[in-house]
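The primary structure of each chain is shown beneath.
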Amino acid sequence: MRLTINGRPWEGDPAGETTLLGLLRDDLELTGTKLSCDRGECGACTVQLDGRTVHACLTLAHGCDGQAVRTVEGLAGPEGALNDLQAAFIAHDAAQCGFCTPGQLMAADALLAANPRPSDEEIRAWMAGNLCRCGTYPNILTAIRAVAEARSRG
Amino acid sequence: MAEVKSGFITTTVEVEGRTETRVVERPAFEPTPWGTDAALTHVGQSPPRVDAPEKVTGRARYTADIQRPRQAVALFLRSTVAKGTITHFDATAARAVPGVLAVMGPGDAPAKTRLFPSAISYAGQPIAAVCAESESVAWRALRAIVVQIDSLPFAATFEATAAPDAPKVRSAGNLAEPIVVSRGDVAAGLAAAEVTITREYRTPVALHSAMEPHGAVAEWEGDRLTIWESTQGIFRTRNDVARVLGIAQSQVRVIKEYMGGGFGAKNGAGAHTFTAALLAKQLQRPVRCVLERDGEQMDSGNRPATTQRVTLGARRDGTLTAIRLDADVPLGISGWEGGPAQLYHELYACANVHTTERFAHINASGMQAFRAPGYAEGAIGLEGAMNALATTLGIDPLELRRRNFAERDPRLDRAFTGNALRQCYDEAAERFGWTAPRPAPDRAHPERVRGRGVAAQTWPTGGGPPAYATARLNNDGSIEIASGTQDLGTGARTVLAQIAADAFGAALHDVRVVLGDTERAPYAGNSWGSMTTASVGPAVRMAAEDARAKLLDAASQLLNVPADALETRESRIIVRDSDRTMTFAEVTGKLGNVMIQGRGSRGPNPSDRAIVTVGVQMAEVEVDRMTGVVRVLRIVAAHDCGRVINPTLARSQLEGGILQGLGYALFEERRLDGATGVPLNPSLHDYKIPTMADCPAIDAWCVQNVDADANHTGARGLAEPPLIPTAPAIAAAVADALGVEVSELPLTPWRVLAALG
Ligand code: FES
Ligand code: FES
């Protein structure tokens, strides 16, 4: 099977039962994407598949054949320059322990791609599947709102 | 800085609400306290977390991200009965699964580890572990193990375990000796009361539910063991492992770089740690043992349930004359007696207080400290009853609290180092609009009713010794601060860097803080009890000042001026009243390989003073009388934690505590099946924690109140206090909206509807 992972082509033949999360974390050592519930309940493993968010823990690797996977490691620019969303997460203290953060970032990034000017209610609804036990939600909301505003100002 | 005689003295420290007496070393010098007017550059500002870039790029490595060469994976098989005896265990088929490396079952682990007993005492207890090349192989092998358990009658509630004919939960007895604490004469206080009220409250078992489950990676090199562990206490984990495995502490290294939350459940080595260490030894390969989510929710600690029967006596003006509590607390199979009573003794001035706590063991996973253990539960009863008393008396509930403000620590009759609770009351009332007229009811939706509630909080946050730190100044002027504490997501790394930068007179970006490694850093205690800033902060400050003094000594030689004519600012040495300066790097560059080092330790707390963090929260809710659904619209929170090192991080702590309190109020409840004692909701789907969609508008801050008497940084702790008043404030707001109290948490729709009748 073939994938594009964070812009780079990848080819391999993982075991049939391998999840996308297992492929990323164990085989490719892209450990930014986290495992927390392993059953689609928490959003910690959120990645983008051809721009859509998926739970990597519930996605079989072979089912992704031919698609483009984007993970938290793919957010920063080529020289490692943080993108505006990452910078906003830092500026608004939107990561406490940071364990849920990669999933939050990937969900938020997909939200802004789908809806560049989301209302607070739309942000809440979209992000409700990404749990954060540290309770960083107010700051995540602020960070997303700030990026949406900055982008719309151009 | 004042020179004092160093040596050992006896002092008291408060941990998670318990007072402990310790013999500690008095530091060689105590830095001059940073008072209100201290000239600080970094402390009090809000630089971003020093480790935030690692967290937003995925570079931060948590325990499960550790990948050692040839690392194997271990998983547990867990009991599905609450009590029983394993009569047959056969792992032949499991061992035959290709890729399986080892199986450990009943009798296979050293007794000291208490792993895999054949007598089962709760559902979810590990029965066996499989170690394999990969997780999927381990899963397959787990399913191939054949176990037969003869189940026995169990007791999974307080009532069941306290019954005369109850099954034996623990050989030492199901019930612990009750804890009775009394001051004054509660009978006389009740006799003198003009009004008395009695209420009963029930609180649920709550689960920590950290996003990162418990886990360890163990690796042996010869007879030396390295453990990567998601832990709130690297030294405690090290000592647990050494004791249980019978090896020297110097043979064990524990590392915790990043961790995904702890909230009290990760205070030492656990079954997963010992299992990883034993299997790694047996296989001579690194082994990772990380709990799966259902294991985490079933068996990694919990806040125990309580039943609290509360009686308050008061005069008509609201002055409390008596507080009485009778509490039942089922602890699970193990745990410590962290009951709800202490808050009843500490929050209000009242001469007559009598509390009785009955603790019982039940056939369920053991409790562990959970953010503000005991106090969070106690606040439901005490603050619930205070609000009921206010209603009965027709006194505003905030005013009732003002009238019973404790000028001194009422439990031990000693002065506070600082207590700005009244300022919190004033500021919160102002920002909430407590006395403002209520908005008109929504005519279109008459079933939607709004209410407001208030609750207060106290929590011992003095921290204390022992805690150590070292500072070293490298050749290039960069500074390394090392302390064996840990950052759970609290921001300790950042806050300590800010303290060190100010103590050194260095630029913040020149300071690197090394935590979470027993081999690289001197001892600091567990990150529990909201103690880290107040315990480790002073040690870090002293280490930095100690090194700075040496730097100035060296610079005075190079500059040919006395050391006391020198100042440091943003990594520069400045000759006072002149334009001569040198950077730190210029000084150290001239010293060659001389290493400037500093050593700091935490001195004792002032004797006979209470050190507390206090606060108040107000909630506004909307309740739908048709569906019973409660929505929290906003929370206003004002707390006094002494000096705030980083206001943004402090606000994050407040919001986090408030949201956990909101979950405790509305959703969170571990359910056991009455017929089997098996947990019914060991998942994040069925055990509900708040999501962003549940998040109310939160206005939270710390009032300005530098506490230079608590310790020389002026800061107290903050992590646990904000969780305490949230749930009782929400419960009060629901009662206000409905005109009837819901006395059992969480306030689920069916409980609300049942209360409405
Ligand atoms: S780990 Fe995939 S949703 Fe929780
Ligand atoms: S930041 Fe800790 S779980 Fe979200």
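What follows covers the pairing of strand 24 (residues 511-514) of chain B. Where strand 23 (residues 479-482) of chain B lies against strand 24 of chain B, four bridges are found, and the strand directions are parallel. Its bridge partner lying in strand 24 of chain B, A482(B) is registered against V514(B).

The next point concerns the pattern of salt bridges. Opposite charge on two side chains allows them to pair when their charged atoms are near. Evaluated as defined, the whole model comprises 58 salt bridges over all chains. Shared partners join several salt bridges into a network, and the residues in it are E159(B), E200(B), R202(B), R309(B), D328(B) and R358(B).

Interfaces are often described in size by the accessible area the parts lose on coming together. Residues and elements named next belong to chain B. The domain boundaries assigned to chain B delineate domain 1 (2-60 + 463-601), domain 2 (63-153 + 214-290) and domain 3 (306-462 + 608-756). Contacts between the two partners involve 37 residues from domain 1 and, on the opposite side, 32 residues from domain 3. Carbon and sulfur atoms supply 54% of the area that domain 1 and domain 3 bury against each other, a total of about 2,500 Å² over both sides. Mapped by element, the contributors of at least two residues to the side of domain 1 that touches domain 3 are strand 3 (18-26), helix 13 (492-504) and helix 14 (532-559). For the side of domain 1 that touches domain 3, the leading source of residues is helix 14, giving five residues. Residue composition of the side of domain 1 that touches domain 3, grouped by class: 12 nonpolar, 19 polar and six charged.

What follows deals with the sheet that holds strand 27 (residues 581-583) of chain B. All names here are of chain B. What the three strands build is an open sheet, ordered 25-26-27; its pairing is antiparallel. Two strands bound the open sheet, and with one partner strand each, they are strand 25 (566-569) and strand 27. Averaged over neighbouring strand pairs, the angle between their axes works out to 25 degrees when direction is ignored. Sheet analysis places strand 26 (residues 572-575) next to strand 27, joined by three bridges and oriented antiparallel. By the bridge assignment, I573 is partnered in strand 27 with M582. The sheet contacts of helix 14 involve strand 25, strand 26 and strand 27, and relative to strand 25 the element is tilted by about 120 degrees.

A pair of packed helices can be characterised by two numbers: the angle between their axes and the separation between those axes. Residue and element names in this part refer to chain A. Packing of helix 4 (residues 120-127) against helix 5 (residues 137-153) leaves a shortest axis separation of 11 Å and a crossing angle of 120 degrees. On the basis of the axis angle, helix 4 is oblique to helix 5. Relative to helix 5, helix 4 is oriented so that their crossing is right-handed. Contacts from D120, I123, R124 and M127 in helix 4 reach I140, L141, I144 and R145 in helix 5. A per-class count over the contact of helix 4 with helix 5 returns five nonpolar, no polar and three charged.

The interface is formed by 42 residues belonging to chain A together with 52 residues belonging to chain B. Buried surface at the junction of chain A and chain B, both sides included, amounts to about 3,900 Å², of which 56% is carbon and sulfur. Taken as a group, Q96(A), R133(A) and Y137(A) account for 21% of the area that chain A buries against chain B, more than any other trio of residues on that side. For the pair chain A and chain B, the number of links is five salt bridges. A salt bridge links D65(B) to K34(A); its shortest N-O distance comes to 2.6 Å. If you look at where chain A meets chain B, you find 27 residue pairs in polar contact (both at pLDDT 80 or more).

With that out of the way, let us pick up the packing of helix 6 (residues 234-245) of chain B against helix 7 (residues 271-283) of chain B. All names here are of chain B. Helix 7 packs onto helix 6 with a crossing angle of 55 degrees between their chain directions and a minimal axis gap of 11 Å. Relative to helix 7, helix 6 is oriented oblique. Helix-helix and strand crossings are classified by hand; for helix 6 and helix 7 the assignment is right-handed. Residues T237, D240, V241, V244 and L245 of helix 6 touch helix 7, and the partners they reach there are T273, F274, A277 and L278. Its residues assigned to classes, the contact of helix 6 with helix 7 shows six nonpolar, two polar and one charged.

Take empty space enclosed by the protein next. Rolled over the atoms, a probe with the dimensions of a water molecule shows which regions are left empty. Residues and elements named next belong to chain B. Taken as a whole and judged by the stated rule, the model has six cavities of 30 Å³ or more. In this structure, the largest cavity occupies an estimated 580 Å³ of space. Considering the residues around the largest cavity, the lining is formed by 38 residues, among which T490, S530, Q653, L718 and A719 are closest to the centre. Of all the secondary structure elements, the ones that give two or more residues to the lining of the largest cavity are helix 13, helix 14 and helix 16 (647-666).

Take the nonpolar core next. Residues and elements named next belong to chain B. If you look at the biggest cluster of nonpolar residues, it comprises 140 residues, and the most contacted ones within it are L312, L382, L389, V623, I730 and V734. Looking at which element gives the most residues to this core, the answer is helix 10 (residues 375-393), with 11 residues. When residues of this core are assigned to domains, at least three fall in each of domain 1 (2-60 + 463-601) and domain 3 (306-462 + 608-756). Excluding residues within four positions of it along the chain, L389 makes contact with V195, I197, L312, A314, L320 and L400.

Thresholds applied
- Residues numbered from 1 in each chain as written.
- Chains lettered and ligands numbered in written order.
- Predicted model: local features only at pLDDT ≥ 70, side-chain atom pairs only at ≥ 80, totals over all residues.
- Heavy atoms only, no water.
- Pairing = 2+ DSSP bridges.
- Helix = DSSP H or I, 4+ residues; strand = E, 2+ residues; numbered from the N terminus.
- Salt bridge = Lys/Arg side-chain N within 4 Å of Asp/Glu carboxyl O.
- Domains from an automatic or database assignment.
- Contact = heavy atoms within 4.5 Å.
- Buried area = accessible area lost by both parts, 1.4 Å probe.
- Nonpolar A, V, L, I, M, F, W, Y, C, P; charged D, E, K, R; others polar.
- Axes fitted to C-alpha atoms, helices over the stretch in contact; angles between N-to-C directions.
- Parallel < 35°, antiparallel > 145°, perpendicular 65-115°, else oblique.
- Left-handed = near helix turned anticlockwise from the far one by under 90°.
- Polar contact = N/O pair within 3.5 Å; in protein donor to acceptor, adjacent residues only side chain to side chain.
- 1 Å grid on protein atoms, 1.4 Å probe; cavity = no way out; pocket = protein on both sides within 12 Å on 5 of 7 lines; lining within 4 Å.
- Points joined across faces, edges and corners; volume = space filled by probe spheres on them.
- Core = buried A, V, L, I, M, F, W, Y, C linked by side-chain atoms within 4.5 Å.
- Buried < 20%, exposed > 50% of the residue type's maximum accessible area, 1.4 Å probe, protein only.

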